[in-house]
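# Secondary and tertiary structure notes
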Amino acid sequence: MESLYAITTGVLSACGLYLTLRGRTFPVVVGLTLLSYAVNLFLFSMGGLTTHGAAIIDGPRDYADPLPQALVLTAIVIGFAMTAFAVILAMRARGDMGNDHVDGRKHEEGEETRR
Amino acid sequence: MTQHLIILPVVLPLLTGLLLLTSRVGGTRLKRLAGVGSTLALVIVAALLLARAAGGEVAYYALGDWQPPFGIVMVLDRLSALLVLVTAVLALGCVIFACAGDDEKGSNFHGLFQLQLMGINGAFLTGDLFNLFVFFEVLLLASYALLLHGGGKARIQAAVHYVVLNLAGSALFLIAVGTLYGATGTLNMADMAVRLAELPEERAGLVTAGALMLLVVFGLKAAVLPLYFWLPRAYAAAPAPVAALFAIMTKVGIYAILRVYSLVFGEQAGPLADLDQPWIWWLSLATLAVATLGVLASRDLRLMVAYLVLVSVGTLLVGVGMGTVAATSALLYYLVHTTLVTGGLFLLAEMIGQQRGKAGTRIVKGKPLLQGGPLALCFLGGAIAVAGLPPLSGAIGKALLLDAATPAQQPWLWPLLLASGLGAMIALSRAGSTLFWRSHAGERVGEPLPREQWAGTGLLLAAAPLLVALAGPISDYTRAAAEQLAEPDAIVRALLSDAGETP
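All of these numbers come straight from a predicted model, not from anything done at the bench.

Our next topic: the overall build of chain A. Summing up its helical and strand segments, chain A has 4 helices and 0 strands in all. Ordered by position in the sequence, the α and β elements of chain A form the string α-α-α-α. Burial analysis of chain A (115 residues in total) assigns 33% to the buried set. Looking at chain A alone, contacts between residues at least 24 apart form 50% of all its contacts between residues at least 6 apart. Accessible surface, chain A: about 7,300 Å² in total, of which carbon and sulfur atoms supply 64%.

According to UniProt, the positions carrying the feature "domain: NADH:quinone oxidoreductase/Mrp antiporter transmembrane" (unreviewed entry) are residues 127–421 of chain B. Structurally, residues 127–421 of chain B comprises 76% helix and 0% strand, and the distance from its first C-alpha atom to its last is 36 Å.

Turning our eyes to something else, we now look at the pattern of salt bridges. Enumeration according to the criterion identifies 8 salt bridges over all chains in this entry. Notably, a salt bridge pairs A:Asp100 with A:Arg24, separated by 2.5 Å at the nearest N-O pair. Of the two residues, A:Asp100 is situated in the loop between helix H3 (66–97) and helix H4 (110–113) and A:Arg24 in the loop between helix H1 (2–20) and helix H2 (25–44); the sequence distance between them amounts to 76 residues. For A:Asp100, a relative accessible area of 21% corresponds to the partly exposed category. B:Arg52 is the salt-bridge partner of B:Glu57, the closest N and O atoms lying 3.9 Å from each other. With a relative accessible area of 42%, B:Glu57 lands in the partly exposed category. Judged by relative accessible area, which is 28%, B:Arg52 ranks as partly exposed.

Residues and elements named next belong to chain B. Structurally, Leu413 can be placed in helix H17 (residues 410–436). Its relative accessible area of 0% is what places Leu413 among the buried residues. When residues no more than four places from it in sequence are discounted, the contact partners of Leu413 are Trp281, Leu285, Val318, Met322, Leu401, Leu402 and Ala405.

Here we come to the confidence of the model for chain B. Residue and element names in this part refer to chain B. Looking at chain B, pLDDT values average 90 and 98% of them are 70 or higher. Within chain B, the element-level pLDDT minimum falls on helix H21 (residues 488–496), averaging 85, and the maximum on helix H3 (residues 78–98), averaging 95. Taken as a whole, residues 499–503 scores under 50 in pLDDT and shows 6 contacts with residues more than four places along the chain or in a different chain.

In this section: the packing of aromatic side chains. All told, the structure shown has 19 aromatic pairs over all chains when counted by the stated rule. Ring centres of B:Tyr144 and B:Tyr162 lie 5.6 Å apart, and the angle between their planes is 85°; this geometry places the pair in the edge-to-face category. Placement of B:Tyr144 in helix H5 (residues 129–147) and of B:Tyr162 in helix H6 (residues 153–184) is noted, with a sequence separation of 18 residues between them. Judged by its relative accessible area of 0%, B:Tyr144 is buried. Of the residues examined, B:Tyr162 reaches a relative accessible area of 1% and is grouped as buried. One aromatic cluster is present, built from ring pairs that chain together A:Phe85, B:Tyr144, B:Tyr162, B:Trp230, B:Tyr235, B:Phe246 and B:Phe346.

To continue, consider the side chain of B:Ser262. Residue and element names in this part refer to chain B. Tracing the backbone shows Ser262 in helix H11 (residues 249–264). Exposure remark for Ser262: the relative accessible area of 17% places this residue in the buried category. Ignoring anything within four residues of it in the chain, the contact list for Ser262 reads Ile257, Leu485 and Pro488.

This part takes up the interface of chain A and chain B. Listed by partner, the interface residues are 28 residues for chain A and 27 residues for chain B. With both chains or domains summed, chain A and chain B bury close to 2,500 Å², and 83% of this area falls on carbon and sulfur atoms. Of all residues in chain A, A:Met82, A:Phe85 and A:Leu89 give up the largest surface area on contact with chain B, accounting jointly for 23% of the area buried on that side. Taken together, the links from chain A to chain B amount to 0 salt bridges. Taken together, chain A and chain B are joined by 3 residue pairs in polar contact (both at pLDDT 80 or more). If one sorts the elements of the side of chain A that touches chain B by residue count, H3(A) sits on top with 14 residues.

The next thing to look at is the state of the cysteines. With the rule as written, the count across this model stands at 0 disulfides over all chains. Sulfur of B:Cys94: no disulfide; nearest cysteine sulfur belongs to B:Cys99 and is 11 Å away.

Before going further, it helps to spend a moment on the nonpolar core. All names here are of chain B. One finds Phe218, Tyr235, Tyr261 and Phe265 to be the most contacted residues of the largest nonpolar core, which totals 211 residues. Element by element, the count of residues in this core is highest for helix H14 (residues 325–356), at 17 residues. Discounting residues that sit within four places of it in the chain, Tyr261 has contacts with Ala211, Leu212, Leu214, Leu215, Phe218, Ala256, Gly266, Asp274, Leu275 and Asp276.

So, how was this worked out
Residues numbered from 1 in each chain as written. Chains lettered and ligands numbered in written order. Predicted model: local features only at pLDDT ≥ 70, side-chain atom pairs only at ≥ 80, totals over all residues. Heavy atoms only, no water. Helix = DSSP H or I, 4+ residues; strand = E, 2+ residues; numbered from the N terminus. Buried < 20%, exposed > 50% of the residue type's maximum accessible area, 1.4 Å probe, protein only. Contact = heavy atoms within 4.5 Å. Areas by Shrake-Rupley, 256 points an atom, 1.4 Å probe, with all protein chains shown as cover. UniProt positions renumbered as here; feature names shortened; annotations may be inferred. Salt bridge = Lys/Arg side-chain N within 4 Å of Asp/Glu carboxyl O. pLDDT = per-residue confidence, 0-100. Phe/Tyr/Trp six-rings, centres within 6.5 Å; stacked < 30°, edge-to-face > 60°. Buried area = accessible area lost by both parts, 1.4 Å probe. Polar contact = N/O pair within 3.5 Å; in protein donor to acceptor, adjacent residues only side chain to side chain. Disulfide = S-S within 2.5 Å. Core = buried A, V, L, I, M, F, W, Y, C linked by side-chain atoms within 4.5 Å.

Laid out in structure tokens, this is it:
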């Protein structure tokens, strides 16, 4: 299970990183979303992976670390809010700039608009 | 009541912010009153906290009375008290300035401003790595919205870069925190320091990776060399009171570096101690050099001030990189000076731009200004302070820093720091003479500037002479704060002594 989990997290963050480095805002937002999924998975696993364990200390063995679960909940909420904000910002940028490049301009007309 | 004082810098702006965001009925006047009143109360609270911390006691506030290392704690020591006070004073100047009309150019300025203050204060006071992340997010979310306040192409474009970079930074922060938790089993910084002392050898690599990832995140916030490219544009595009408040944001990153690497990765961590030092020393010197070039190359007054913020980041981090008590003390003195003065300069640049009308803050010939005399006088004072010339506070800060360098560090630090001062002086005198003297003949232009703007800018720029007049007590305090920071055992003992079980 560990290796499957690690591979999933790794693939998600690799895809997220690749998309974040793209030049248009939509792939960047999708990339950030994937990156935050990868981070949430990673956080969830940081106390070690357990199955069939209750999230309370219930005797000396067989319990899941409750702290990562609380943390991942916080991280999910924050990540979700951030994604919503990034989407709105990307739409505003598209509307105000007239294109969806992260630099706010197309490359061919770069020379004229550059200050 | 007094034991609840520590949480007040977080709760007070939160309540005011919520109130201001929910009440749509209140008029502008009421909102301004609430914003200024709350910030003024924050200054008083911060001064009380400073008076309490000055004795050297490390106090903590356990939320819900869950004792550390299990509960969430806010920790008050000399360093955090000093930074909360600086934040409050800076915010007071900004919010008074904003009352002149900047707050009405968009919606919810005062509410967002208070939430931003909550995030900054929380980041300074927290004693827990994960809460540091949460407060970073609070201050970032508020700053995204504030950066866009008033709208406009330049702001949106700067905001896209700023938001995307910081979201990626937050992801890295979480990975780093997760790695450190996985390796040490705790998130409380004091507890982590204790556990690092008895870390099994096979986990040292994991902790090193986590610690260096944290350094990248803090470096992004502090705007160190390879990670600073977002800063000049964002700061130059932001509305003036927001840009002035952002002067403290880079210091949040510097504070986090100071706190984490002195408390968690201090002496007791053995082979992991001070693993940030070589990185920070060289990167900060490079930041200093590049930022000085930026100052010389700026064609716009606001961009120039943004690069001056970068110069100050380089100067402060050099102090962190030196790693001695004397250097830390000097950098804390310089931090107070540079935060207030660069904040004041952002406000002053906006005032000059407003009076010039169409020419704005671009450094080109314009018409003579109606209030050119007083504006030029303020500019002269700010320029002397920020370039580090005597008799104002920048000179003392730089002298302390130069004095703290060991003979091995001097050949690198002295020429660079002095050259950056010279560069700033050249650029600022060129800007000042173009703005105020090389003007076209003709009528004086511009509307008289509102009183609020003079008051806000005056408050921040007055810090420069005040810091000189009070240099003795302030440098005594920063020295004591640096000594306290060098002795992390005191914090660890204060936090973990009355915990239920010894870790």
